[in-house]
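Coordinate inspection notes
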Amino acid sequence: MNLNVAAKLQERKQRQKKQQSKLNLVSLMDIFTILVFFLLVNSSDVEVLQTDKTIKLPDSTSNQKPELTTLVRVNGEQLFVGERLVARVDEIDGNAGQIAPLLAELKYHAERAGPLPEEKKEAGRAVTIMGDEMVPYQLMKQIMQTCAAADFRDMSFAVNQTTPEDPSETGAGS
């Protein structure tokens, strides 16, 4: 009787092996192929600066990509270096050539970055200035002079990139 039970168990195991389904790799490969193409198409090489809702950037048609540099942000009320509040705009002396708290903060950033290589000493350190389009020119000039005094002479301005207008569509011939 034991022999009969053992034979039945053995037969049942063999039937289960025959009935097991195999993994269909074709469907799985199709899904992964679609996923790879989706990720490739949706990954872009656009670099986005920190957004600040208090700053409305001017528009530009420039095609040059921004570099990751020290960021100076100014709106109508405050002046930041990176995420750190440096000064309030109403406290800045409009007649002074430089902004002392900004100069101190930029020198601190320069010390942390270490010495410049010989080939970059002429151009100076890179800085990106993100200024609201309504910030007065005098304040922007003070910020630029302060950056230059702290050896941040390679200045870039953050703007919103727009598409250039086609001169034929401006109505020159109408």
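First, a word on what this report is: a plain description of the structure on this page. Computed from a predicted model, the values in this text were never measured in an experiment.

**Some points on the nonpolar core**
Within the largest apolar cluster, 22 residues are counted, with the highest numbers of intra-cluster contacts made by Val-72, Leu-102 and Ile-143. Sorting the residues of this core by element identifies strand 2 (70-74), strand 3 (78-81), strand 4 (84-88), helix 3 (100-113), strand 5 (126-131) and helix 4 (137-149) as the ones contributing at least two each. Excluding residues that lie within four positions of it along the chain, Leu-102 makes contacts with Val-72, Leu-79, Val-81, Val-86, Ile-143 and Thr-146.

**Re the side chain of Glu-105**
Looking at the secondary structure, you find Glu-105 in helix 3. We classify Glu-105 as buried; its relative accessible area is 8%. Each residue touching Glu-105, except ones within four places of it in the same chain, is listed here: Val-81, Arg-84 and Val-86.

**Here's the deal with the environment of Leu-106**
Its place among the elements puts Leu-106 in helix 3. Residue classification places Leu-106 among the buried positions, given a relative accessible area of 0%. C-alpha separation for the pair Leu-106 and Cys-147, spaced 41 residues apart in sequence, amounts to 7.2 Å. With sequence-adjacent residues up to four places away left out, Leu-106 is seen in contact with Thr-70, Val-72, Val-81, Thr-146, Cys-147, Ala-150 and Phe-152.

How each quantity is defined
- Residues numbered from 1 in each chain as written.
- Predicted model: local features only at pLDDT ≥ 70, side-chain atom pairs only at ≥ 80, totals over all residues.
- Heavy atoms only, no water.
- Core = buried A, V, L, I, M, F, W, Y, C linked by side-chain atoms within 4.5 Å.
- Buried < 20%, exposed > 50% of the residue type's maximum accessible area, 1.4 Å probe, protein only.
- Helix = DSSP H or I, 4+ residues; strand = E, 2+ residues; numbered from the N terminus.
- Contact = heavy atoms within 4.5 Å.

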